[in-house]
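Single-letter residue listing:
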Amino acid sequence: MENLKDQEKMNAHYSMSSVHRVIQVLRAFKDGDKQLSLTDIHKRTGIGISSLQRMLWTLVYEGFLVKEEDTKMYSLGLELFFLGRLVEQSDAFLSIAIPIMERLNEETSENVSISIIENGERKCLHNLPSRHELSALTFIGHTSPLYAGASAKALLAFQSDDYVRDYLDRIQFVPITDITVNSKEQLQQDLTQIRKKGYAITYGERVKGAMSICAPIMMDDVAFAVFTLTIPRAREEDYDIDELIKKVIGAAREIEARMKK
């Protein structure tokens, strides 16, 4: 019990009061009132008028609130709507993708993952681990640069030309293994080949001793996510690689088809 109280005290100590107050402001609208005045928000939150005015100005500037200049009333902004749609899409996407991931995981007993782009990097959104003692591990939430590995390069290859061009202009290569791509010219060649083939396959670019096969999950002509199968190279000869490629591409296309329904 004492440990729990100590933890609560620590959490309170490290939390940022300004963030809490911003959340209070947004929650002031939860009672169904579409518009609130400065005075209304002050009464519901207890935040001082001077601090509250600065918060409201910032929230309006960032699109989280809208201020009617004529009435001086505030309402929730579209930025919250867009964020809500992202959460909704992510939840709906995983509800479709996970059963398909489970099927390939059962068929192969190998590591299956879904990744997306977040803040200019590949991020593992969901993972089903291998059932073998020797496995190539992937962790939910793990990130890596977009130039290293099948899932990362497939995500990059199937973005818009402008996105790829901007990425190539600013990228600085840091080797992860001794065969990680280390030049813009090589990366551009790899991306071109991945686009032509419709999938990516790499050997030890990010994880030494691992082989990955990856196909894009397309939405609005760009890769919304990628579907990846990863196996240790020690088991490569146990499989018909062409058959695995077909399974991975088939899984990605199935997810796309179900997302359109």
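- Looking up the chain in an unreviewed UniProt entry gives the name IclR family transcriptional regulator, with the organism given as Bhargavaea beijingensis.

Describing the sheet that holds strand β4 (residues 121-128)
Then, number 1: Spatial ordering of the open sheet is given by β5-β4-β3-β8-β7-β6, a layout of 6 strands whose pairing is antiparallel. Here the strands that pair on one side only, and so sit at the sheet edges, are β5 (143-144) and β6 (200-203).
Then, number 2: Across 5 bridges, strand β3 (residues 111-118) lies against strand β8 (residues 222-232) in antiparallel orientation. In the strand pairing of β8, S113 is matched with T228.

Notes on the nonpolar core
Then, number 1: In terms of nonpolar packing, the biggest core is built from 27 residues, with F93, I114, I217, F227 and I255 touching the most fellow members.
Then, number 2: In this view, F93 contacts I114, L125, I217, F224, A225, I255 and M259; residues no more than four positions away in its chain are not counted.
Then, number 3: Grouped together as the second largest cluster of nonpolar side chains are 22 residues, L146, A152, F158 and A200 included.

Here we look at the packing of aromatic side chains
Then, number 1: Going through the model one piece at a time under the given rule, you end up with 3 aromatic pairs.
Then, number 2: When the centroid spacing of 5.4 Å and the interplanar angle of 10° are considered together, the rings of W57 and Y61 count as stacked. In this pair, W57 and Y61 both sit in helix α4 (residues 49-61), 4 residues apart, roughly one turn of the helix. The residues W57 and Y61 share a single accessibility class, namely exposed.
Then, number 3: Aromatic side chains F93 and F224 sit 5.0 Å apart centroid to centroid with 80° between the ring planes, which places their arrangement in the edge-to-face category. Taken together, the positions of F93 in helix α5 (residues 78-108) and F224 in strand β8 put the pair 131 residues apart, joining distant regions of the chain.
Then, number 4: With a relative accessible area of 2%, F93 lands in the buried category.
Then, number 5: The cationic tip of K197 hangs over the ring face of Y199; the distance from NZ or CZ to the ring centre is 5.0 Å.

Some thoughts on the pattern of salt bridges
A side chain of one charge can pair with a side chain of the opposite charge if their charged atoms are brought near each other.
Then, number 1: In this structure the tally under the stated criterion is 14 salt bridges.
Then, number 2: A salt bridge links K247 to E107; its shortest N-O distance comes to 3.2 Å. Here the residue K247 occupies a position in helix α9 (residues 241-259), and E107 occupies one in helix α5, the gap between them amounting to 140 residues.
Then, number 3: Under the relative-accessibility criterion, E107 is labelled partly exposed at 47%.
Then, number 4: As a salt-bridge pair, R258 and E254 come within 2.7 Å of each other at their nearest N and O atoms. Of this pair, R258 and E254 both sit in helix α9, 4 residues apart, which is roughly one turn of that helix.
Then, number 5: Under the relative-accessibility criterion, R258 is labelled partly exposed at 37%.
Then, number 6: Look at the salt bridges and you will find they share partners, linking R103, E254 and R258 into a network.

Section: unusual backbone geometry
Then, number 1: Unusually for a residue other than glycine, K72 sits at a positive phi of about 65°.
Then, number 2: Along the chain, the position of K72 falls in the loop between β1 (65-68) and β2 (73-76).
Then, number 3: Among the residues examined, K72 registers a relative accessible area of 44% and is labelled partly exposed.
Then, number 4: Despite not being glycine, D220 has its phi angle at roughly 55°, a positive value.
Then, number 5: Judged by relative accessible area, D220 falls into the exposed class, the value being 68%.

What counts and how
Residues numbered from 1 in each chain as written. Predicted model: local features only at pLDDT ≥ 70, side-chain atom pairs only at ≥ 80, totals over all residues. Heavy atoms only, no water. Pairing = 2+ DSSP bridges. Helix = DSSP H or I, 4+ residues; strand = E, 2+ residues; numbered from the N terminus. Core = buried A, V, L, I, M, F, W, Y, C linked by side-chain atoms within 4.5 Å. Buried < 20%, exposed > 50% of the residue type's maximum accessible area, 1.4 Å probe, protein only. Contact = heavy atoms within 4.5 Å. Phe/Tyr/Trp six-rings, centres within 6.5 Å; stacked < 30°, edge-to-face > 60°. Lys NZ or Arg CZ within 6 Å of the ring centre and 35° of its normal. Salt bridge = Lys/Arg side-chain N within 4 Å of Asp/Glu carboxyl O.

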